[in-house]
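Structure at a glance
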Amino acid sequence: MTHEIAVIPGDGIGQEVTPAAVEVLEAIDAVDFDFVEGEAGDAVKAETGEALPEETRELAADADATLFGAAGETAADVILPLRQVVGSFANVRPARSYPGLDAVQPDTDIVFIRENTEGVYKGIESEISDGVTTCTRVITEDASEKIAEYGFSYAKQNGYDDVTIAHKANVMRTTDGLFLDAASAVGEDRDASYDTALMDALAMHLVMNPQDYGVVICPNLAGDMLSDLAAGLVGGLGLLPSANIGEENALFEPVHGSAPDIAGEGIANPSAMILSAAMLLDHLGYDEQGDAVRTAVESVLDSGPRTPDLGGDASTEDVTAAVIEEL
Ligand code: NAI
Ligand code: MG
């Protein structure tokens with residue numbers, strides 16, 4: 001069976017790390033892929049006026065899964081609609097520390113399960129008068145239940161004992177009150193053990209005691225911020241993959257952006273993008289191959305060539321070649 005994968009490199013280092021992930025997937029003999037490339041981001045907007053052309057949208061809608069690199073200034077115009085195109089309700093963001101790396105917290109293994117459709121990212125903002133603006137935060141029972149169902153199932157399937165529901169229901173009583181009640185009800189229904197945590201205090205605990213956490217179920221904005229915070233604990237954005245999971249479709253992307261400060265130099269760390277490809281393999285049911293890619297990346301991070309963000313002087317290509325060699 002051949003899987004059609006939409007490949008959208010985007011801007012900046014997206015153009016450098018996306019081909020690296022494709023090379024790694026091509027090196028997996030057990031699985032056949034058909035890669036179809038689409039354009040999105042600042043460069044195509046400058047050319048055509050559209051950050052996410054209709055062809056690219058259709059490509060992602062029709063493919064079995066999508067690999068997305070990063071966009072620049074147009075990121076919100078690309079990734080938010082793309083997440084909608086694939087019907088993604090859950091954003092899965094693992095933050096793991098790897099042996100041999102000089103991480104702030106070397107004993108971290110946390111997976112953020114971020115609600116991916118609502119909250120303040122619904123995009124309902126207005127300027128109600130000169131100098132006065134508002135943003136409407138949308139929280140629904142359905143979406144809150146759905147993300148909690150996904151989070152509790154993920155914890156069970158992947159062997160995480162600690163589940164934490166992040167919220168700020170003491171201040172956002174109505175919206176996060178609903179999120180907290182709906183998510184807690186899912187935990188109760190399943191007779192699962194879980195904790196709840198105020199998201200601001202949680203940020204501090206994550207920095208000081210990350211080993212106390214496993215799966216963290218979050219409203220949209222909290223999940224965005226807490227997962228970037230955890231990226232800092234384990235060695236930086238160059239290491240963090242993510243998955244946007246829908247009922248039938250899914251999109252895989254590194255947590256990082258287009259990194260204009262290093263774009264074009266060929267020194268971007270491809271690990272986050274390659275680990276995103278490993279999540280794509282899991283999603284398509286190739287768990288063994290997904291694990292093999294993760295093990296190869298881990299081994300290269302431990303004792304192989306490293307890009308400058310990790311203190312080395314290797315290129316994106318050197319690291320990619322080393323991962324393929326390990327495979
Ligand atoms: P960024 O993630 O692009 O870069 C932050 C810092 O991390 C930079 O110093 C960069 O060099 C470094 N970095 C990131 N990924 C790296 C990698 N793979 N290897 C080595 N170093 C890496 O975030 P920033 O600077 O806030 O945003 C830059 C642009 O990216 C903006 O235009 C922003 O809109 C866009 N962006 C796009 C996202 C997306 O497409 N999903 C997500 C975040 C930002
Ligand atoms: Mg972010």
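Residues numbered from 1 in each chain as written. Chains lettered and ligands numbered in written order. Predicted model: local features only at pLDDT ≥ 70, side-chain atom pairs only at ≥ 80, totals over all residues. Heavy atoms only, no water.

Notes on the environment of V36
When you line up the elements, V36 lands in strand β2 (residues 32-37). Judged by relative accessible area, V36 falls into the partly exposed class, the value being 25%. As for V36 and V255, which are separated by 219 residues in sequence, their C-alpha atoms are 22 Å apart. (Helix = DSSP H or I, 4+ residues; strand = E, 2+ residues; numbered from the N terminus. Buried < 20%, exposed > 50% of the residue type's maximum accessible area, 1.4 Å probe, protein only.)

Some remarks on the domain arrangement of the chain
What the domain assignment lists for the chain is domain 1 (1-97 + 235-326) and domain 2 (104-234). Just the C-alpha atoms count here: the centres of domain 1 and domain 2 sit 24 Å apart. It is F89, R93 and S97 in domain 1 that bury the most area against domain 2; as a group they hold 33% of the surface buried on that side. Where domain 1 touches domain 2, the interface holds 4 salt bridges. Of the charged contacts, one joins E247 and K146 as a salt bridge, the two residues approaching to 2.8 Å between their closest N and O atoms. (Domains from an automatic or database assignment. Buried area = accessible area lost by both parts, 1.4 Å probe. Salt bridge = Lys/Arg side-chain N within 4 Å of Asp/Glu carboxyl O.)

Remarks on a negative patch on the surface
Together, E37, E39, E47, E50, E55, E58 and D62 give the surface a local cluster of negative charge. Within the fold, D62 resides in helix α3 (residues 54-62). (Patch = residues over 30% accessible without salt bridge, like charges linked within 9 Å, V, L, I, M, F, W, Y side chains within 5 Å. Areas by Shrake-Rupley, 256 points an atom, 1.4 Å probe, with all protein chains shown as cover. Lys, Arg positive; Asp, Glu negative; His and termini not counted. Charge placed at Lys NZ, Arg CZ, Asp CG, Glu CD.)

Focus: the UniProt feature "domain: Isopropylmalate dehydrogenase-like" (unreviewed entry) in the chain
UniProt annotation of "domain: Isopropylmalate dehydrogenase-like" (unreviewed entry) refers to residues 4-323 when read in the numbering used here. Helix makes up 42% of residues 4-323 and strand 21%, and the two end C-alpha atoms of the span are 23 Å apart. (UniProt positions renumbered as here; feature names shortened; annotations may be inferred.)

Some thoughts on the sheet that holds strand β8 (residues 163-167)
Read from one edge to the other, the open sheet built from 10 strands follows the order β2-β1-β3-β12-β11-β4-β5-β10-β8-β9, with strand pairing classed as mixed. Taken across any chain shown, the strands that pair with only one partner, and hence form the sheet edges, are β2 and β9 (195-198). Each strand axis lies, on average, 25 degrees off the axis of its neighbour in the sheet, ignoring direction. Running at roughly 145 degrees to strand β1 (residues 2-10), α3 makes contact with β1, β2 and β3 (65-70) of the sheet. (Pairing = 2+ DSSP bridges. Axes fitted to C-alpha atoms, helices over the stretch in contact; angles between N-to-C directions. Contact = heavy atoms within 4.5 Å.)

Describing unusual backbone geometry
Here D191, not a glycine, exhibits a phi torsion of approximately 60 degrees, which is positive. We classify D191 as exposed; its relative accessible area is 73%. Positioned with a positive phi, A259 is a non-glycine residue whose angle comes to about 45 degrees.

Details of the pairing of β3
Among the 6 residues that make up β3, 6 are buried, leaving the element largely enclosed by the rest of the structure. Here 5 bridges tie β1 to β3, and the two strands are oriented parallel to one another. Its bridge partner being in β3, G10 is matched across the sheet by A70. In this structure, β3 lies alongside strand β12 (residues 250-254), joined through 2 bridges in parallel fashion. Residue pairing for β12: T66 is matched across the bridge by L251.

Some thoughts on the site of ligand 1
Near ligand 1 you find 21 residues, and of these G72, G257, A259, D261 and N269 are the closest. One of the backbone N or O atoms of G257 is found 2.7 Å from an oxygen atom in ligand 1. Taken by itself ligand 1 offers 800 Å² of open surface, and the protein chains cover 69% of this. Of the residues that constitute the shell around ligand 1, the class distribution is 11 nonpolar, 6 polar and 4 charged. (Near = heavy atom within 4 Å. Polar contact = N/O pair within 3.5 Å; in protein donor to acceptor, adjacent residues only side chain to side chain. Nonpolar A, V, L, I, M, F, W, Y, C, P; charged D, E, K, R; others polar.)

Quick look at the packing of aromatic side chains
Overall, the coordinates contain 5 aromatic pairs when judged by the stated rule. Measuring from centroid to centroid gives 5.5 Å for F33 and F35, while their planes differ by 35 degrees, and the two rings are tilted. Residue classification places F35 among the partly exposed positions, given a relative accessible area of 21%. Centroid distance Y154 to Y160: 6.4 Å. Interplanar angle 25 degrees. Geometry classified as stacked. (Phe/Tyr/Trp six-rings, centres within 6.5 Å; stacked < 30°, edge-to-face > 60°.)

Details of helix α4 (residues 75-85)
Three or more residues of α4 are buried, namely V78, I79, P81, L82 and R83. Just beyond α4, the residue with positive phi is G87, at close to 65 degrees.

Considering the environment of K45
On the secondary structure map, K45 appears in helix α2 (residues 42-48). Among the residues examined, K45 registers a relative accessible area of 37% and is labelled partly exposed. Distance from K45 to D162, taken between C-alpha atoms, is 44 Å for residues 117 residues apart in sequence. Once residues lying within four places of it in the same chain are set aside, the contact partners of K45 are E50, A51 and T74.

Describing the pattern of salt bridges
Per the counting criterion, the structure on display carries 12 salt bridges. The network of salt bridges with shared partners includes R93, R114, D224 and D228.

Quick word on a nonpolar patch on the surface
A contiguous nonpolar surface patch, about 280 Å² in accessible area, is contributed by M204, V207 and M208. Within the element layout of this structure, V207 appears in helix α7 (residues 199-208). Assessed through its relative accessible area of 36%, V207 is described here as partly exposed.

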